[in-house]
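Okay, here's what each chain looks like letter by letter:
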Amino acid sequence: MESLNQSAYRARQLCEALYVQRVPSLDQITTLPAALREELKAAGHTVGLPELLQTAHSIDGTERYLVRMADGETVETVWMPGGDGGERGDGTKAAEEEEHPSHDDDDYKRATICISSQVGCAVNCQFCLTAKLGIRRNLTPGEIAGQVAAVLNRHNVEVGRDRINLVFMGMGEPFLNYMSFMDAVRLLTGPMRIPESRMTVSTSGILPGIEQFAQETVRPKLAVSLNASNDIVRESIMPITRKWNIAALLEAISTVPLRPRERITFEYVLLGGINDQREHADELIALLKNLRAKINLIVWNSGPGMPFHEPTPQDVGIFQKRLRDGGIPAFIRKPRGRDIYAACGQLKRTLESPPPTPLIEIATL
Ligand code: SF4
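The written sequence of each chain sets the order in which its residues are numbered from 1. With the structure being a predicted model, the display of local features is reserved for residues of pLDDT at least 70 and the display and counting of side-chain atom pairs for 80 or more, all residues being used for whole-chain, interface and lining totals. Think of the side-chain values as coming from all heavy atoms in the structure, minus any hydrogens and water.

With that out of the way, let us pick up the site of the ligand. The immediate surroundings of the ligand are formed by C121, V123, N124, C125, C128, A131 and G172. A per-class count over the shell around the ligand returns five nonpolar, two polar and no charged. A single heavy atom is enough: if one lies within 4 Å of a molecule or strand, its residue is considered near that molecule or strand. Nonpolar residues are Ala, Val, Leu, Ile, Met, Phe, Trp, Tyr, Cys and Pro. Charged residues are Asp, Glu, Lys and Arg, and all others, Gly as well, are polar.

What follows is the structure, encoded as structure tokens:
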């Protein structure tokens, strides 16, 4: 707007149209004069939303979208009505709602959206299908926030009335695309009005990212994908451990200032026979005893061609009890959308998008 000699007021109108009304095209921004819209077009500006190209429906209500960006690259985004219980015990409002749902709750009013931060991922966790893609590119802040806008539109969500939680746990490592991720957070908490306390970012343990994150004043809750109780096991399933070991990771995490009652979430994917035994639980208790932490246990979701097997229900129960007896709050995350490969570690572009067609509207905000 400034480059077109327009006032800040026009910029605010544009921002409102993009992020509050979530309009899919420039022509629909009727708060801007038609002449200005034409001027914007003539200057090469277009607006729009990422396209929900294909949808897979789970019997549990979860929807997984193949989302196409302006250049034809695709990522996956997941809508989970009722959430997945990941917030339990983290000391926030979202956790309270999960633990004590009110009578007027229905799945429509409370949902969690899992969003991607990169096309593919470079981290190469051995249990994750997304890792098989490698990394293609980072998403822009508009593409990250745009996934949320597109999904909110699909479900006619009114932010404020409906309770939406966001998890940055889709494709990609948000802390390897740090600036865009944080700019997206500012779009989501600012004009899109989703409270930061309803957002959780998960990292595989990128230390420079954690150190930067510790300095942020507005930030989502932090979840760390730990998945092992010692460096040997972790290195075998998460090669990133070679660069930053568990001790260095925990040291960096301890510098993140927590809000009152907030706990850091440690995600722990239970892999049968690898990290799910009593001795692993005991090691975990020793590791985390001095942190304000909680653990989300995720029963591994099998995927084609993956060299792991699911833990037995008995082992899962024993593991959780041992952690709790050792003073660590431990919760088992509800698996969502397993039948459509939408669950944790399963996001992969299983549906290839058709070649990009010339777009009338650029599909980024
Ligand atoms: S688990 Fe997350 S960080 Fe690891 S490869 Fe998969 S998407 Fe990347």
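A word on helix α2 (residues 34-42). Along α2, the positions that sit buried rather than exposed are L36, R37 and L40. The arc enclosing the buried residues of α2, seen along the axis, measures out at 105 degrees, which places them on a common side. Opposite its buried face, α2 presents the exposed residues A35 and A42, each directed more than 90 degrees away. The elements touched by buried residues of α2 are α1 (8-20). By the criteria applied, helices consist of DSSP H or I runs no shorter than four residues and strands consist of E runs no shorter than two, each listed in order from the N terminus. Two residues or fewer after α2 comes G44, characterised by a positive phi angle close to 90 degrees. Think of it in three bands: residues with accessible area under 20% of the maximum for their type are buried, residues over 50% are exposed, and the middle band is partly exposed, with areas taken using a 1.4 Å probe on protein chains only. It is the directions from the helix axis to the C-beta atoms that the arc portrays. Contact definition: two residues touch when any of their heavy atoms are within 4.5 Å.

Looking now at unusual backbone geometry. Excluding glycine, most residues fall at negative phi; most peptide bonds, likewise, are trans. Although it is not a glycine, R193 adopts a positive phi angle of roughly 60 degrees. With respect to the helices and strands, the residue R193 is situated in the loop between α5 (178-189) and β8 (199-203). Relative accessible area serves as the criterion here: at 52%, R193 is assigned to the exposed category. At N227, a residue that is not glycine, the phi angle is positive and equals roughly 65 degrees. For N227, the location among the structural elements is in the loop between β9 (221-225) and α7 (231-237). Among the residues examined, N227 registers a relative accessible area of 0% and is labelled buried.

Any carboxyl oxygen of Asp or Glu within 4 Å of a side-chain nitrogen of Lys or Arg constitutes a salt bridge here. Inspection of every chain in the model, using the stated rule, returns 20 salt bridges. Where R64 meets E76, a salt bridge forms, and the shortest distance between an N and an O atom there is 3.0 Å. Residue R64 is found in strand β2 (residues 63-68), and its partner E76 is found in strand β3 (residues 74-81); the two are separated by 12 residues along the sequence. Here R64 matches E76 in class, with each residue buried. Between R322 and D282 there is a salt bridge whose closest N-O contact spans 2.9 Å. Of this pair, R322 sits in helix α10 (residues 313-325) while D282 sits in helix α9 (residues 278-288), and the two are 40 residues apart along the sequence. One connected set of salt bridges, linked through shared partners, spans E196, R219, R259 and E262.

Turning next to empty space enclosed by the protein. Where empty space is left in the structure can be found by rolling a water-sized probe over the atoms. Put plainly, a pocket is an open set of points on a 1 Å grid over the protein atoms alone with protein on both sides within 12 Å along at least five of seven lines, a cavity is a set where a 1.4 Å probe fits but cannot get out, and a lining residue has an atom within 4 Å of a point. Grid points are joined across faces, edges and corners, and a volume is the space filled by probe spheres set on the points. A full pass over the atoms with the stated rule returns one cavity of 30 Å³ or more. Around the largest cavity, the lining is made up of 12 residues, and of these G86, E87, V167, M169 and T200 lie nearest the centre. Here the lining of the largest cavity is built from residues that sort into two nonpolar, four polar and six charged.

For α1, with 13 residues, the first-to-last C-alpha span of 17 Å sits near the 18 Å given by 1.5 Å per residue. For α1, the full list of buried residues reads R10, Q13, L14, A17, L18 and Y19. Where α1 is buried, its residues contact α2 and α5. Phi turns positive one or two residues past the end of α1, at R22, with a value near 55 degrees. In this scheme, a helix's expected span is set at 1.5 Å multiplied by one less than its residue total.

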